[in-house]
Amino acid sequence: METLSEIDPIFIGTSFIASFIACFFSSLAGGGAGLILLPILLLLGLPFVNALACHKLAVGFIGIGSGYRYMQENLIDWKIFWWTGLTGVPFVISGTWFASYLSGDHMKPILGIVILIMVAISYLRKTGHLEHKPRQMTRKTWILASLMLIPMAFYSGWISAAAGIFTTYLYIVYFRYDQLHATAMTLSANGIFWNIVGAIAHLFFGHVVWALAPGLVAGALLGSYCGASLGIKKGNRFLRLI
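Residues numbered from 1 in each chain as written. Predicted model: local features only at pLDDT ≥ 70, side-chain atom pairs only at ≥ 80, totals over all residues. Heavy atoms only, no water.

Can you lay out the packing of aromatic side chains for me, pointing to particular residues and giving the numbers?
Evaluation of the coordinates by the stated rule reveals 18 aromatic pairs. Consider the rings of phenylalanine 154 and tryptophan 158, whose centres lie 6.3 Å apart with planes at 50°: the pair is tilted. Here phenylalanine 154 pairs with tryptophan 158, and both are found in helix α7 (residues 139-158), just 4 residues apart, close to one helical turn. With 5.5 Å between their ring centres and 80° between their planes, tyrosine 174 and phenylalanine 175 make a pair best called edge-to-face. Side by side, tyrosine 174 and phenylalanine 175 carry an identical accessibility label, which is buried. Put simply, the rings of Trp83, Trp142, Tyr171, Tyr174, Phe175 and Tyr177 pair up and form one aromatic cluster. The ring of tyrosine 174 has arginine 135 lying over it, and the distance from NZ or CZ to the ring centre is 4.5 Å. (Phe/Tyr/Trp six-rings, centres within 6.5 Å; stacked < 30°, edge-to-face > 60°. Helix = DSSP H or I, 4+ residues; strand = E, 2+ residues; numbered from the N terminus. Buried < 20%, exposed > 50% of the residue type's maximum accessible area, 1.4 Å probe, protein only. Lys NZ or Arg CZ within 6 Å of the ring centre and 35° of its normal.)

Explain a nonpolar patch on the surface to me, and be specific about the residues and the numbers.
A grouping of Tyr68, Met71, Trp78, Trp82, Leu86 and Tyr225 is seen on the molecular surface, where their side chains present a nonpolar patch of about 650 Å² in accessible area. Those elements that provide at least two residues to the nonpolar patch are α4 (62-72) and α5 (78-100). Of all the elements, α5 adds the most residues to the nonpolar patch, at 3 residues. (Patch = residues over 30% accessible without salt bridge, like charges linked within 9 Å, V, L, I, M, F, W, Y side chains within 5 Å. Areas by Shrake-Rupley, 256 points an atom, 1.4 Å probe, with all protein chains shown as cover. Salt bridge = Lys/Arg side-chain N within 4 Å of Asp/Glu carboxyl O.)

Describe the pattern of salt bridges, listing the residues and the values that go with them.
When charged atoms on two side chains of opposite charge get close, those side chains can pair. The final tally for this structure, using the stated rule, is 1 salt bridge. Here glutamate 73 ties to arginine 69 by a salt bridge, and the two come within 3.0 Å at their closest N and O atoms. On the accessibility criterion, arginine 69 (16% relative accessible area) is buried.

As structure tokens, then:
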């Protein structure tokens, strides 16, 4: 790939703005950065696997920017945090490996379908909980939750776009979290574990365009922190509208 001196500064600036906007709204919606950032990187001319790698690098820092803010407000359930992260990591790696062997020509139509599906089901957010009444977990419910989480983790490594929204709905519907707590868990656990591990896997495969890294990372850190701060301030009723 190109070196820093060979890439247009406008290209780098665009990646920063796209990363900021994607991570800002992802921190409010509980995921979905890939629905914004990944198509923009593709439109800028990156091959699919390189666009996916750069996206993963950016969203890996969502967990740092927003997770720090959520931690300040004691919105993170650490038991669920570790369960989400450690259960999903092997399948994130498997999905990343799978994506590296697929042609970008096959992946782009799939991404388009995913975006259309997520636009359609986004209306389900209006049914999200306003009250935080976590389910009492038993061995059976943990097993069922893990079986639902595993394909989400694989998808996160494979296509990535809107993977956070799936886990946010898992927290809301199955764990009976309110929107704010579900968003906090997704952005912290997915961001720190799944996205960073996915980014490291792409680094191993040599897919990351390093020249874009500073803009993507800076945009992700700033956007996620600002988005989390706004979500905490406005609360559940506001978050359901995003």
